[in-house]
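Now for the letters of each chain:
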Amino acid sequence: MSKVLIFGHKNPDTDTICSAITYADLKTKLGVDAEPVRLGSVSGETQFALDYFKVQAPRLVETVANEVKDVILVDHNERQQSVSDIDQVRVIEVIDHHRIANFETSGPLYYRAEPVGCTATILNKLYKENGVSISKEIAGLMLSAIISDSLLFISPTCTAEDVAAARELAEIAGVNADTYGLDMLKAGADLSDKTIAQLISLDAKEFQMGSAKVEIAQVNAVDVNDVLSKQGELEDALTNIINEKGLDLFLFVVTDILNNDSVGLALGRAADAVEQAYNVKLENNKAVMKGVVSRKSQIVPVLTDIFNKR
């Protein structure tokens, strides 16, 4: 079998990077020539995990068809979130925990999607199913991914399977999940050195919702005012993206990791969908989204339902 590249979505988060590394490790141990790559910059949170467990970040690629014929997707399936030339390669596997949308292949493939909080939780099962042991470093990365996606087990997307996997992986990695996890999340929530462009692209994903084109970006913060104090600059940047991409809505979500609430900054002709979805009133283009921390379960499906009814 020829070489395979494994990667997650654009603007990669910790689960995307760590799952690409992890699945490449498993596939390599099973005799596949697999390499993890990334489609964007490494966040501060992810770099903390990589440094802690002394693992190199995957190399950055902009295209893949110039290198390989076959690819494996982790932590995503929607084509607009993937590499730009995804239509020029064959997707042979998908390991994911998100909704399935805008995805089709010309041939059969291995597709593993489960309603858990993190891709790494599924990968933990795959190691067991294939009888392959997990190294300390890989266990640490998988643990980091679960902590990131579950916001240290408080996100509504977090399942009992995620928690059990995290505790098991923490033991292999030789760390206390709660202590290590809080340090990692705080590292990711330090946004002091981030530019406006970085803030709105750190973890941004584009979605087709009904006939609407929507982009949702999310950052975690210890104090949301550290981010929202730059609202004027943020709005200018978001407006430019809306115009460039022809978006109906750009929702920029700042999540307070200590209080487990978010503030949404909504721009675009369909910004009122946010008001409808959360029964709030946008004041100065923003509103508090009480108890909302998960884009996957508390934002995307809620907004999708609103747009599907329009």
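(A) Examining helix 12 (residues 300-308) more closely. Among the residues of helix 12, Val300, Leu303, Thr304, Ile306 and Phe307 are the ones counted as buried. The buried residues of helix 12 occupy an angular sector of 160° when the element is viewed end-on, so they sit on one face.

(B) Quick peek at the sheet that holds strand 10 (residues 261-267). The strand order across the open sheet built from 5 strands is 7-8-9-10-11, with neighbouring strands paired in mixed fashion. Both outer strands of the open sheet, strand 7 (204-209) and strand 11 (286-289), are each paired with one neighbouring strand and no more. Sheet twist, expressed as the mean angle between neighbouring strand axes with direction ignored, is 25°. Bridge count between strand 9 (residues 249-256) and strand 10: 7 bridges; the pairing is antiparallel. The residue bridging Phe250 from the neighbouring strand is Leu267, located in strand 10. Set on the sheet, helix 9 (residues 231-245) makes contact with strand 7, strand 8 (212-221), strand 9, strand 10 and strand 11; between it and strand 10 the angle comes to about 55°.

(C) Broad picture of the side chain of Glu114. Here Glu114 is to be found in the loop between strand 6 (110-113) and helix 3 (119-129). The contact partners of Glu114, leaving out residues within four places of it in the chain, are Asp96, His97, Ile122, Lys125 and Glu161.

(D) Highlighting the packing of aromatic side chains. Applying the stated criterion across every chain, the model contains 6 aromatic pairs. Ring plane angle 35° and centroid distance 5.8 Å describe the contact between Phe48 and Tyr180, whose orientation is recorded as tilted. In this pair, Phe48 sits in helix 2 (residues 44-52) while Tyr180 sits in helix 6 (residues 177-189), placing the two residues 132 residues apart along the sequence. Accessibility expressed as a relative area gives 26% for Phe48, which makes it partly exposed.

Criteria and thresholds
- Residues numbered from 1 in each chain as written.
- Predicted model: local features only at pLDDT ≥ 70, side-chain atom pairs only at ≥ 80, totals over all residues.
- Heavy atoms only, no water.
- Buried < 20%, exposed > 50% of the residue type's maximum accessible area, 1.4 Å probe, protein only.
- Helix = DSSP H or I, 4+ residues; strand = E, 2+ residues; numbered from the N terminus.
- Arc of directions from axis to C-beta.
- Pairing = 2+ DSSP bridges.
- Axes fitted to C-alpha atoms, helices over the stretch in contact; angles between N-to-C directions.
- Contact = heavy atoms within 4.5 Å.
- Phe/Tyr/Trp six-rings, centres within 6.5 Å; stacked < 30°, edge-to-face > 60°.

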